[in-house]
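Observations on the model geometry
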Amino acid sequence: MVRLEINVTGAGSATRRAERGILVLQAHSQQLPTAEEASAIVTSTAHELRNIIAPYCPQDEETGRTKENAAIAHYSMSTLDTSSHRERRPNAAKSDEEPKYDTTYSARAELNIKFSDFNLLDTLATQFSAMQNVRIQRITWKLTDATLTSIEGGARKRAAQNALQRARDYAEVFANLSADDAVLKVRAVDARESQYYQQSTRPRLHYGKGQRGSVVAREDVTLTFEPEDVSLEVKVDGKFVVEV
């Protein structure tokens, strides 16, 4: 009796509508004569942004954590970054004159704001987009930890079933088995997760509207973000054997 070994990778996923929208803003300055001036602009802008955000992200006095069901679940700011730009002055009348340069400075910092309330996301994004020294960088979509935990098991099972079915398909051809015999004779002897719970997003389709982008300007000039589907994917490497 010959022992055929089959090695395959199975993939399984679970998809849910996004529950959190993470808006990334950049507070930035224009080119200024000193680094101190540039930093002051960004610090002042970041302070203004925090004042807008804070009422929607109330803290529990006992735990120090954001209250449950807050419209903004969390926000954070990156370290302020300053850079310089050196620009050569126009050529002087004398060609042999030593070139001269002017140096200017700019600063920037990123704010990550995690929204639970997508209507508030639309409202504040519109307000932020109109502010001086503020730029909307991007938005990403996530699931809550509780949802991720609840769908992991289903994704794992689908990955295992996919690997097993692939092994049976190969056994039917390489071992000349019927579909029923493959179910009986193909056995798993080893399994290892090869891709651990990677999240990806994709736009949702809306009938009658077509597929919307990540941000749309309505007639009232309010920005509207369409939550995307978030897919959790697991891959498993399986080793199977069949006696032929």
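Look up a bit, the structure's there.
The notes below deal with the structure included here. (Residues numbered from 1 in each chain as written. Predicted model: local features only at pLDDT ≥ 70, side-chain atom pairs only at ≥ 80, totals over all residues. Heavy atoms only, no water.)

**Some remarks on the environment of Arg 138**
Applied cut-off: In this description a helix means any DSSP run of H or I spanning at least four residues, a strand means any run of E spanning at least two, and both kinds are numbered starting from the N terminus. Here's how the labels work: a residue is buried when its accessible area is under 20% of the maximum for its type, exposed when over 50%, partly exposed in between, all with a 1.4 Å probe on protein chains only.
With respect to the helices, strands and loops of the structure, Arg 138 is situated in strand E6 (residues 134-142). Exposure remark for Arg 138: the relative accessible area of 41% places this residue in the partly exposed category. A sequence separation of 116 residues divides Arg 138 from Ile 22, and the C-alpha atoms of the two residues are 8.4 Å apart.

**Looking at a nonpolar patch on the surface**
Inclusion rule: Nonpolar side chains (Val, Leu, Ile, Met, Phe, Trp, Tyr) within 5 Å and like charges within 9 Å form the patches, drawn only from residues with over 30% relative accessible area and no salt bridge. Using a 1.4 Å probe, the Shrake-Rupley method yields the accessible areas, and only the shown protein chains count as cover for residues. For salt bridges, the criterion is a side-chain nitrogen of Lys or Arg within 4 Å of an Asp or Glu carboxyl oxygen.
Taken together, Tyr 170, Val 173 and Phe 174 make up a surface patch of nonpolar side chains, about 350 Å² in accessible area. Relative to the helices and strands, Val 173 resides in helix H3 (residues 145-174).

**Let's talk about the layout of surface pockets**
What counts here: Put simply, the grid is 1 Å and covers the protein atoms alone, a cavity is a trapped set of points that fit a 1.4 Å probe, a pocket is an open set with protein on both sides within 12 Å along at least five of seven lines, and lining residues have an atom within 4 Å of a point. Grid points are joined across faces, edges and corners, and a volume is the space filled by probe spheres set on the points.
Taken as a whole, the largest pocket holds about 170 Å³ of empty space. Around the largest pocket, the lining residues are Arg 20, Ile 22, Ala 73, His 74, Lys 114, Lys 142, Leu 143, Thr 144 and Asp 145. Mapped onto the lining of the largest pocket, the elements with two or more residues apiece are strand E2 (20-28) and strand E3 (72-77).

**Here's the deal with the environment of Gly 12**
To keep it simple, the criterion reads: In what follows, residue pairs with any heavy atoms lying within 4.5 Å of each other are defined as contacts.
The topology assignment puts Gly 12 in strand E1 (residues 3-17). For the pair Gly 12 and Gln 161, spaced 149 residues apart in sequence, the C-alpha separation works out to 8.3 Å. Among all residues touching Gly 12, those that are not within four sequence positions of it are Ala 155, Arg 158, Ala 159, Leu 232, Glu 233 and Val 234.

**Regarding helix H2 (residues 118-129)**
The criterion, for reference: What a helix should span is 1.5 Å times the count of its residues minus one. Any N or O atom pair separated by 3.5 Å or less is treated as a polar contact, with the protein-specific requirement of one donor-capable and one acceptor-capable atom, and with residues adjacent in sequence counted only for side-chain atom pairs.
Along its twelve residues, H2 runs 16 Å from first to last C-alpha, staying within 8% of the 16 Å computed at 1.5 Å per residue. Here H2 has its buried residues at Phe 118, Leu 120, Leu 121, Asp 122, Leu 124, Ala 125, Thr 126 and Phe 128. At the N-terminal boundary of H2, the capping side chain belongs to Asp 117, with an oxygen 2.9 Å from the backbone nitrogen of Asn 119.

**Some points on unusual backbone geometry**
Although it is not a glycine, Asn 69 sits at a positive phi angle of roughly 70°. Phi at Asn 133 takes a positive value of approximately 65°, unusual for a residue other than glycine. Residue class for Asn 133 comes out buried when judged on its relative accessible area of 17%.

**Side note on the packing of helix H1 (residues 35-53) against H2**
Under the convention used in this document: In this analysis an axis means a line fitted to C-alpha atoms, helices contributing only their contacting stretch, and an angle means the value between N-to-C directions, from 0 to 180 degrees. For this classification, under 35 degrees means roughly parallel, over 145 means roughly antiparallel, 65 to 115 means roughly perpendicular, and everything else is oblique. In this scheme the crossing of two helices becomes right-handed for a clockwise turn of the near helix relative to the far one and left-handed for an anticlockwise turn of less than a right angle.
Put simply, H1 and H2 touch, their axes get as near as 12 Å, and they point 160° apart. For the element pair H1 / H2, the angle class is roughly antiparallel. Handedness of the H1/H2 crossing: right-handed. Judged by residue contacts, Leu 49, Ile 52 and Ile 53 of H1 engage Leu 124, Gln 127 and Phe 128 from H2.

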